[in-house]
Amino acid sequence: MPKPVDLDALIHDIDVECGFIFDSDGVLEESMYLDLAENFAAMSSMITTMSREIAEDFDLGELDNIILNTKSGLFVVKKIEADRYLGVVTYDASKLALIHRRLQSLFAETEV
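None of these values were measured; they are calculated from a predicted model.

### Some remarks on the nonpolar core
With 15 residues, the main nonpolar core has L10, L86, V88, I99, L103 and F107 as its most contacted residues. Of all the secondary-structure elements, those providing two or more residues to this core are α1 (7-14), β4 (73-81), β5 (84-90) and α3 (96-107). In terms of residue count, α1 provides more of this core than any other element does, four residues in total. Ignoring any residue separated from it by four or fewer positions in sequence, one finds F107 in contact with V5, L10, K78, I80 and L86. In terms of nonpolar packing, the next biggest core, distinct from the first, is built from 12 residues, F22, A37, A41 and I66 among them.

### Overview of the sheet that holds β5
Taken together, the five strands give an open sheet; going across it, the order is β2-β1-β5-β4-β3, and neighbouring strands pair in antiparallel fashion. Either end of the sheet is taken by a strand with one partner, and the two such strands are β2 (28-32) and β3 (65-70). Sheet twist, expressed as the average angle between the axes of neighbouring strands with direction ignored, equals 10°. Bridging between strand β1 (residues 18-23) and β5 involves six bridges; their strand directions are antiparallel.

Cut-offs and rules
Residue positions are given per chain, counted from 1 along the sequence in the order it is written. The model is predicted, so local features are restricted to residues of pLDDT at least 70 and side-chain atom pairs to those at 80 or more, both for listing and for counting; the totals for chains, interfaces and linings are taken over all residues. Side-chain metrics rest on all non-hydrogen atoms present in the structure, leaving aside hydrogens and water. Nonpolar core, defined: a set of buried Ala, Val, Leu, Ile, Met, Phe, Trp, Tyr and Cys residues in which side-chain atoms within 4.5 Å join the residues together. Summary of the burial criterion: residues with accessible area below 20% of their type's maximum are buried, those above 50% are exposed, and those between are partly exposed, where the area comes from a 1.4 Å probe applied to protein chains only. Helical segments are the DSSP runs of H or I of at least four residues, strand segments are the runs of E of at least two, and each set is numbered from the N terminus. Throughout, a contact is declared for two residues whenever any of their heavy atoms are within 4.5 Å. The pairing criterion is simple: DSSP has to find at least two bridges between the two strands. Here an axis means a line fitted to C-alpha atoms, over the contact stretch when the element is a helix, while the angle between two N-to-C directions is reported on a 0 to 180 degree scale.

Okay, structure coming up:
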């Protein structure tokens, strides 16, 4: 049984614009403040699968985070359970360290 995540509280806690939870098959579990969330879950699943394979090919260990850093913001994916991921978006790239640290501490007990 997946551990519950209060997505709305999490989004406000880490001060991001939107967030969603999805699995490795691209199935959307939940989203907040995001249009077309099913599409983003499917695309994020593909990114997650490719990133996991790259990490394996380079012998980098198990995938924990994916960070897309653009000129206009960040898209961060955090593994929250064996087959569940959290994706968040912010338009303030200076929040990277804060988001990373907060997600690491929130989900430390769920890492596999």
